[in-house]
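A look at the structure
Residue-level listing of the chains:
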Amino acid sequence: MARLSIGILSLTELSVSAAIHLLFAFYILSSAMASDLFQVLTDCLRLNVVKLGTGGKEEDSKEKVLVLEGSPPPPIVLVHGIFGFGKGRLGCLSYFAGAEKKDDRVLVPDLGALTSIYDRARELFYYLKGGQVDYGVEHSLQFGHLQFGKIYEQGHYPSWDEHHPVHFVGHSAGVQVARVLQQMLADKVPPLLHSISLISSSSPPTCAVNQQAFTGHDTSEDWVLSITSLSGALNGTTRSYYDGMQPQNGRLLKPICLLQVCRLGVIVYDWLDAAWLKNYYNFGFDHFRMGWRWTGISGLADLLSNNTGPFASQDWIVPDLTIQGSIKLNSGLRTFPNTFYFGYATKRTKKVFGLTVPSSIWGIHPLLVIPVLQMCHWRFPHGVPPPHKDYRDEDWQDNDGALNTISMTHPRLPVEHPSFFVVDDSKCHPLQPGIWYYKIINADHIFFILNRERAGVQFDLLYDGIFQRCRKHIFRSSTPILPDDTAISDPHYSQTTEVGDQGTDKRSDQMPCPQIPA
């Protein structure tokens, strides 16, 4: 009877979660379509007025590709997270809620919404430099997809090199995409060697003569000037286990779970291969050729039964977001001495009599209310070994509804990278490269994306701070200068920073943030 009750409760929870996610997806899609329809009607009216005023002559209104020249300042590249989208998708809707309009030299690439961190890093390089996306022959054979993908006839920043670097700002999984790409630029090895290094080695692979990660490009880590993490998935998330990843290995899906519902929906969406719909929103699996033209009915059956496709080969993003997957990924990623790093960790929880509870139900987006409550009480199942020797369940209970706060501050697993908790911005300048500066702010995971009005003045304070740091406080110097010692807090504790209406920082409750030894 107890097992039956637990089963019914689990199915109810799954049904509610699936319904909430579907409603939110429908809301986003319908909002984007309504906005586009309004824009089309406005453009038609404007075009008629122009015709009347010009005697019927029409001007070419075809949208041009935004191409930035190599002149300073360096571009800021906003990299979206899981289920995200870049400029040109979902019509006029902006993933970063219009933050890209705050600076003239900002790029918002459209990468695979569900493709793996590795594949997205490859796509990001060619988006900037131009050319046809090359996933690597060995990697493509290993995971069962085409070697070549989308063609960028014109790169958005063709001058990109160590003398013309970029700033990356990554939300959620987007920051890991930027880190993996920087590692590829530094290692200068073909894709297969790099993928092996990410999985099995903590040291950079040995370069063979004339080998290049990106054919025709002599790259280095100095192509990246800074990386800013906004609610970044730097060490994985326990949310992935609630949604359906098996905690035993962090790679396989449970038979019945939210991610299985997602998997079936994505397969059907891609198999239908409706061009107008995929132009509007694309999960990024075109290089797997899952459409009906390539697979037919029998192919659809194989995809649904998980015999073929990205979910069968595990070449998609969620396995990279488990704690085990992040440890494997991070084992090959370095923090470089000439690159600046800054992180914003978010949380919507607090401690009450030693228990972790939501800090405010009303301040949490409806999509994330249940996840915040679940993650507050996460524990690895009895008998399942923890993903790391220093892992403790209680350290991972503070969260923002999608990621654990401890995971967002700086890379910790399997080896902790140099970090610096920022109490007062004015006391940590000039910034030193090779250190992860970070703040903890009260917000849920989607507080600073999609809906600008929801965050209010905090939206402007956050992005203005990011852009001003990129423009005024990040520059390479031959002699690094240490931050003011008075800005260094106790390394064993972190404090939450709440951005006030007047731009002042208010210190809130303390959150244990134990250091994980190397």
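As a starting point, this report considers the structure included with it. Keep in mind that this is a model prediction, so the values were computed, not measured.

This part is about the pattern of salt bridges. This model, assessed by the stated rule, comprises 19 salt bridges. Residues Lys102 and Asp460 are paired through a salt bridge, measuring 2.8 Å at the closest nitrogen-oxygen approach. Placement of Lys102 in the loop between strand S1 (76-79) and strand S2 (106-107) and of Asp460 in helix H16 (residues 457-473) is noted, with a sequence separation of 358 residues between them. A residue is classified by how much of its surface remains accessible, and Lys102, at 28% relative accessible area, is partly exposed. Between Asp395 and Arg392 there is a salt bridge; the shortest N-O distance is 2.9 Å. One continuous salt-bridge network, built from bridges that share partners, spans Asp270, Asp273, Lys278, Asp286 and Arg293.

Take the packing of aromatic side chains next. Geometry of an aromatic ring pair is reported as the spacing of the ring centres plus the angle between the planes. Using the criterion set out here, one finds 30 aromatic pairs in the structure. Judged by centre distance (5.0 Å) and plane angle (75 degrees), the ring pair of Tyr95 and Phe96 falls under edge-to-face. Per residue, the accessibility class of Tyr95 equals that of Phe96, and both read buried. These aromatic residues form a ring-pair network of at least three members: Phe125, Tyr126, Trp160, Phe168, Phe214 and Trp223. The cationic tip of Arg289 hangs over the ring face of Trp294; the distance from NZ or CZ to the ring centre is 3.7 Å. Here the guanidinium or amino end of Arg348 rests over the ring plane of Phe447, the centre of that ring lying 5.6 Å away.

Among the secondary structure elements, Gln397 is positioned in the loop between helix H13 (369-376) and helix H14 (405-408). For Gln397, a relative accessible area of 10% corresponds to the buried category. Within the structure, Gln397 has its side chain in polar contact with the side chain of Thr356 (distance 3.3 Å).

Conventions adopted
Residues numbered from 1 in each chain as written. Predicted model: local features only at pLDDT ≥ 70, side-chain atom pairs only at ≥ 80, totals over all residues. Heavy atoms only, no water. Salt bridge = Lys/Arg side-chain N within 4 Å of Asp/Glu carboxyl O. Helix = DSSP H or I, 4+ residues; strand = E, 2+ residues; numbered from the N terminus. Buried < 20%, exposed > 50% of the residue type's maximum accessible area, 1.4 Å probe, protein only. Phe/Tyr/Trp six-rings, centres within 6.5 Å; stacked < 30°, edge-to-face > 60°. Lys NZ or Arg CZ within 6 Å of the ring centre and 35° of its normal. Polar contact = N/O pair within 3.5 Å; in protein donor to acceptor, adjacent residues only side chain to side chain.

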